[in-house]
Structure formats: structure tokens, C-alpha cells
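Working through the structure, step by step
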Amino acid sequence: MNKADVIIVGGGAAGFFAAINIAEFNPQLKIIILERNKEGLRKVKISGGGRCNVTHAEFIPQDLVLNYPRGQKELLGPFHQFMTGDTIAWFENRGIMLKVECDGRMFPQSNSSQTIVDCFLNEARKLHIEVKYEHTVNSIKKKDSTWCINTNKENFFAKKILIATGSSIKMWKLLERLGHTIVNPVPSLFTFNVQDKRIKNMPGVVANNVEVKILGTNLESKGPLLITHNGLSAPAILKLSAFGALELAKMDYRFQIEINFVGKPFENCLKVLKCAKHDLAKKKIIKLARFDLPKRLWQQLVLASTINEDMIWADINKTQLEHLSTQLTKAVFKVEGKSTFKEEFVTAGGIDLKEINFKTFESRVHKNLYFAGEILNIDAVTGGFNFQNAWTGAYIAAKHITNKDM
């Protein structure tokens, strides 16, 4: 019989972080992690292109929560208990220094996610946390005050359990049987599939300071935009996909977007173009990109404005100037589907947040049942925010688990 004080289901970021903190708060407790795969921390290893985007350099809770389409209100209190500065200190205390990149993302100075993986594995060994791999949970039941977990190999018993399995449909179904409500999952953080000759054959081209709107909705965002083989990506698009996850799913990912490539109103853009007509009269329009736009993108937007390759600025008429200003500030593109954003697949959906006590991350349905990470209906935009949610929830749950009588 496998008895423990605390059993953690899920050997990922939140699971290991919770286990390590529980063991440090109370070294007398027996802790077991159950992980279904041959190894744990898979998402940690591949995140951030193999560098692990640990957190984001945002140090004000009220500003940090704005990056969470779901969980914004609920995380404000928890972030006052444990947030970015605490995460940085936690890793520094274990000899891992983090660095801030220009966009605010934070990575280990080693530039390798293996640094984070090794930290967790070493801490778990040092603290005598038992990790059992290739254990798939088949059922979770409660008898009196004891939790009984049946896996494909053994049965486990504990007074307290923490579930940190991420976006696991199987686990959500098990929790539904325990009386929890599951918000149906839909994808978040995805790129837009766009087939349009204006952006064809230019993957890798980036336009900065772009404004994007989804027509027929209130959804809009700003930031860099990346042209890909299949369409559009980068923060301007990914933020829209996260905040519009539910709405865009209802549209079956078919809708229209309006892009302002230059971040200026139509009339302001038109004035700049009129000045170019005067100042660059003898120059070919297609040759000299305006507004710091990438040359290839500028050329395609010029051609889409009924302006031919050989036309010089002196010959452009009022209608063509207006067409060009429209392409630069109000270009409409048809989106026909989505694609996963690299390995950073995130799901909107999970345990209904009304059923969680966010002072403790304990279930309101069952005593001594805790959650951390993406198993909850919490998700964030890209940039280290999903990991910060995992660290915060796991830490607070660990603190509460060890503060109560076992």
C-alpha cells in the first residue's frame, strides 16, 4: 500500500514547484508525484524555444493580471502573495540567475531550459520527494478523509492531493465525476491562417507597431506582426487569439481582420504620402519604403493600391494616394482557420474558477483537494505569464497544505 501525506498528480512545472515548496515548508511530510510520461517537466523543457520563459518582468499585480484573459480578477489576490519578484528570488536562492530581454520576457542566464529542469530534479532528490513515472491515473475517490488514487500500476492513499496535470481532458472528466464543473476547453494562443497575395512568399517579414482589429467584434491589439508560411503571427495576433479564444471558436476561426501597418490614422498617413509625392517626385514609389515598413511588404501594399511598378511619385493621383493610405492603415484580410503557435499550445477552459478558493487554491467542492496551473480555467498571453500562474498557484497551495494539520 502506497501511503503519503501529500500526492501530487502531474510532474510538470506546477507539480514539481508545489512538491519542492511543500517539502521545504515541512520536511517531515512524505510527498509522491505521479507522472504519466516516462519523464516529467516536458513543457518546461521545450518552452521558449528550449530556453524556458520562466516569467515576465512585470512587478505590479494590477498590471500583471491584465495579461490573463481568464483568471484576471481571481489572480489579483494571489499575485500579492507570490509573483514575479518572488519567482526571481526563488530561483536565485538555488543558484539560477534570470535575465530580462527587451520585450520583458525572463529566461535563465544559461539560455537553456535544462537549467530549470535540473534545478527541479535536483531539489526533488535532495528533499526526498518520490517521483513515479509512467503512472496514469484511472480514478480518484475519497473515502472518509482519505483520498484514493488508482493508477495503471498501483493504488495510492493520502490525506491531501494536488492536481497539476495541465490541460488534460481525461483529468477534467475524472474531476467532473467528483462534482467539479469544467468549462469546455478551446484553443488559445494560435496563429491566423491567411491566404492573400499581399503577404504571399514573404515568411519571416516583421512589421512593428501594428494595430489589428477583428471586424464585427471589440477585439483589437497592438504590437509586432510576423508574416508566416501560413498567415500571420507574433504578439499582435497571439494576444487577439488569447483574448478572443471563446468568441473566435464560435466563429469557427473564420473572420476578417483590419490591419493598420503604420500605427497612424488614415488622414495622417495620407499627409505623409502627399509629402512624399512632393519631396520624392522623380523616385519610383515601389523602391522607397515609407514608415519604416519592410521593403517587400511595402511593395505588395503599393501594388495592391492600383499603382504599377514603374510609377513615380509625381504621377500618382489623389485616388491612388487614398488607396495606398487605405492599404497601409485599413487593410482587410480574410482569416480561414488557425495554427498552433510553435510548442506553446495553451487551452482556455478547465475547472470553473468559482469552485476554487484563491486564498489557498483549495477546491470549494472537496476539502484537501488542491489545484495549480492550467488545469484551472486560467490562461495568459505569451511571454512567461502562464508559468507565473503555475508558480503562484503551486506556492500558495504548498503553503496552505503545510499550514494545516495533517
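As the structure is a prediction and not an experimental result, all values here were calculated from the model. (Residues numbered from 1 in each chain as written. Predicted model: local features only at pLDDT ≥ 70, side-chain atom pairs only at ≥ 80, totals over all residues. Heavy atoms only, no water.)

**Observations regarding the overall build of the chain**
A count of helices and strands for the chain gives 13 helices and 21 strands. Projecting the C-alpha coordinates of the chain onto the three principal axes gives extents of approximately 85 × 40 × 35 Å. Relative to its 406 residues, the chain shows a buried fraction of 54%. Considering only residue pairs separated by 6 or more positions, the chain has 73% of its internal contacts joining residues 24 or more positions apart. As displayed, the chain offers around 18,300 Å² of accessible surface, 47% of which is attributable to carbon and sulfur atoms. Here the chain carries 55 positive and 40 negative side-chain charges, and the mean point of each set is 2 Å from the other. (Helix = DSSP H or I, 4+ residues; strand = E, 2+ residues; numbered from the N terminus. Buried < 20%, exposed > 50% of the residue type's maximum accessible area, 1.4 Å probe, protein only. Contact = heavy atoms within 4.5 Å. Areas by Shrake-Rupley, 256 points an atom, 1.4 Å probe, with all protein chains shown as cover. Lys, Arg positive; Asp, Glu negative; His and termini not counted. Charge placed at Lys NZ, Arg CZ, Asp CG, Glu CD.)

**Here's the deal with the packing of helix α10 (residues 266–279) against helix α12 (residues 318–329)**
Two elements in contact, α10 and α12, have axes separated by 9 Å at closest approach and are oriented at 130 degrees. Judged by the angle between their axes, α10 and α12 are oblique. Of the two possible hands of crossing, α10 and α12 adopt the one that is right-handed. Contacts from Phe 266, Cys 269, Leu 270, Leu 273, Lys 274 and Lys 277 in α10 reach Leu 321, Glu 322, Leu 324, Ser 325, Thr 326, Leu 328 and Thr 329 in α12. Taken together, the residues that form the contact of α10 with α12 break down as seven nonpolar, three polar and three charged. (Axes fitted to C-alpha atoms, helices over the stretch in contact; angles between N-to-C directions. Parallel < 35°, antiparallel > 145°, perpendicular 65-115°, else oblique. Left-handed = near helix turned anticlockwise from the far one by under 90°. Nonpolar A, V, L, I, M, F, W, Y, C, P; charged D, E, K, R; others polar.)

**Some details on the sheet that holds strand β14 (residues 231–233)**
If you walk across this open sheet you meet the seven strands as β16-β15-β12-β13-β14-β11-β17, and the pairing is antiparallel. Two strands in the sheet have a free side with no partner beyond their single neighbour: β16 (331–336) and β17 (338–340). Taken pair by pair, the neighbouring strands of this sheet meet at an average axis angle of 40 degrees, ignoring direction. Alignment of strand β12 (residues 206–214) against strand β13 (residues 220–227), held across six bridges, turns out to be antiparallel. (Pairing = 2+ DSSP bridges.)

**With respect to the nonpolar core**
Core analysis: the largest hydrophobic core is formed by 86 residues, its most contacted members being Ile 7, Phe 120 and Leu 376. In terms of residue count, helix α13 (residues 385–403) provides more of this core than any other element does, ten residues in total. The residues contacting Leu 376, other than those within four sequence positions of it, are Gly 349, Gly 350, Ile 351, Leu 353, Ile 356, Phe 358, Phe 361 and Phe 371. Leu 219, Ala 276, Met 311 and Val 335 belong to the second-largest nonpolar core, a separate cluster that totals 50 residues. (Core = buried A, V, L, I, M, F, W, Y, C linked by side-chain atoms within 4.5 Å.)

**Some words on helix α2 (residues 42–50)**
Taken together, the buried positions of α2 are Val 44, Ser 47 and Gly 48. Buried residues along α2 cover an arc of 55 degrees about the axis, so they all sit on one side. Taken together, the buried residues of α2 touch α1 (13–25), β5 (105–108), α6 (114–126) and α13. Just past α2, the residue Cys 52 takes up positive phi, approximately 70 degrees. (Arc of directions from axis to C-beta.)

**Topic: the sheet that holds β5**
Read across the sheet, three strands follow the order β3-β5-β4 without closing on themselves; strand pairing throughout is antiparallel. The open sheet has two edge strands with one neighbour each: β3 (55–56) and β4 (98–100). Across three bridges, the pairing between β4 and β5 is antiparallel. Looking at the pairing, Lys 99 lines up with Phe 107 of β5.

**Side note on the packing of aromatic side chains**
All told, the structure shown has 20 aromatic pairs when counted by the stated rule. Geometrically, the ring pair formed by Phe 25 and Tyr 395 is edge-to-face, given 5.6 Å between the ring centres and 75 degrees between the ring planes. Of this pair, Phe 25 sits in helix α1 while Tyr 395 is found in helix α13, placing the two residues 370 residues apart along the sequence. Relative to Phe 91, the ring of Trp 90 has its centre 5.0 Å away and its plane inclined at 75 degrees; by these criteria the two rings are edge-to-face. Relative accessible area serves as the criterion here: at 5%, Trp 90 is assigned to the buried category. Put simply, the rings of Phe 17, Phe 25, Phe 82, Trp 90, Phe 91, Phe 120, Phe 387, Trp 391 and Tyr 395 touch in pairs and so form one group of aromatic residues. Across from the ring centre of Phe 333, 3.8 Å away, lies the NZ or CZ of Arg 198, which sits over that ring. (Phe/Tyr/Trp six-rings, centres within 6.5 Å; stacked < 30°, edge-to-face > 60°. Lys NZ or Arg CZ within 6 Å of the ring centre and 35° of its normal.)

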